[in-house]
Amino acid sequence: MKLRQFGFIATLTAAASIAGSGVHPQWPVRPVGATEVVSLDGLRNAEFGDTEEDLTRRGLLHTDEEACGPTLTGLGSVSPIFVDDRLVLLWLDDPMSTPEGISAGTPVADVRSAYPGANALPAPPGSHRFAGLLARDGDRAYLFLHDGVTVRKIIAGYADWARRLFDEGYGPC
């Protein structure tokens, strides 16, 4: 084997090794721009008011040792909140969105435009908590937690529980 051939093979081997190294994404990976829509009824297979027992029996709810509580199967970006064994709220992260396309990272001005009747909820003085916008429709609501510029978290579910969550500063963990 000539030195030039050896150098070429060594370069290809090094390039292949480098290309295969590093951090690999966890599977499954969502395509860029793919979102899951959360309505005021809930998710496609998990609706507000469903019981923990029913969601577990249907294979939609499981306990993950790494999570702070039960999680919805295949939706690591959603934390369900139960009261008296009933699903009352969903604590949402990116890539979850409302039907109007509001998700974490959306400008607050866009939320006000999409939900003109939303009530402003100022952060408690002296706290390190986010301000909120509560967009209520009957007994359901979206609570958009924001820093004054962009949405940081979205909570969907029963309006009274969303407001209580905001007032008491409760999180999913």
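Conventions used here
- The residue count restarts for each chain, going from 1 along the sequence in the order it is written.
- Given that this is a predicted model, residues contribute local features only at a pLDDT of at least 70 and side-chain atom pairs are listed and counted only at 80 or more, while totals for whole chains, interfaces and linings are drawn from all residues.
- The side-chain figures draw on all heavy atoms in the structure; neither hydrogens nor water molecules are used.
- Helix and strand definitions follow DSSP, with helices as H or I runs of at least four residues and strands as E runs of at least two, each counted in order from the N terminus.
- Here's how the labels work: a residue is buried when its accessible area is under 20% of the maximum for its type, exposed when over 50%, partly exposed in between, all with a 1.4 Å probe on protein chains only.
- Using a 1.4 Å probe, the Shrake-Rupley method yields the accessible areas, and only the shown protein chains count as cover for residues.
- A pair is scored as a salt bridge if a Lys or Arg side-chain nitrogen falls within 4 Å of a carboxyl oxygen belonging to Asp or Glu.
- The criterion for strand pairing is that DSSP finds at least two bridges linking the strands in question.
- All axes are obtained by fitting lines to C-alpha atoms, using only the stretch in contact for helices, and the reported angles, taken between N-to-C directions, cover 0 to 180 degrees.

Engineer: Would you mind showing me how to read the overall build of the protein chain here?
Structural biologist: Helix and strand counts for the protein chain come out as four helices and ten strands. Taken from the N to the C terminus, the helices and strands of the protein chain come in the order α-β-α-β-β-β-β-β-α-β-β-β-β-α. Within the protein chain, buried positions represent 37% of all 173 residues. Within the structure as shown, the protein chain displays about 10600 Å² of accessible surface, and the carbon and sulfur contribution to it stands at 54%.

Engineer: Would you take a moment to explain the pattern of salt bridges for this structure?
Structural biologist: Proximity of charged atoms lets side chains of opposite charge pair with each other. Using the criterion set out here, one finds ten salt bridges in the structure. Between Asp-54 and Arg-57 there is a salt bridge, with its nearest N and O atoms 2.2 Å apart. With Asp-54 and Arg-57 both in helix 2 (residues 52-57) and three residues apart, this pair spans about one turn of that helix. In this structure Arg-57 comes out as exposed when scored by relative accessible area, which is 63%. Beyond isolated ion pairs, a larger network of salt bridges with shared partners links Asp-50, Asp-54, Arg-57 and Arg-58.

Engineer: Help me out: how do you make sense of the sheet that holds strand 9 (residues 140-146) in this one?
Structural biologist: Consider a sheet: its strands pair through backbone hydrogen bonds, and that pairing is either parallel or antiparallel. If you walk across this open sheet you meet the six strands as 4-5-10-9-8-7, and the pairing is antiparallel. The sheet terminates laterally at strand 4 (78-83) and strand 7 (119-121), the two strands that pair on one side only. Averaged over all neighbouring strand pairs, the angle between strand axes comes to 20°, with direction disregarded. Relative to strand 5 (residues 86-92), strand 4 runs antiparallel, the two being bridged by six bridges. Bridging from a neighbouring strand, Ser-79 pairs with Trp-91 of strand 5.

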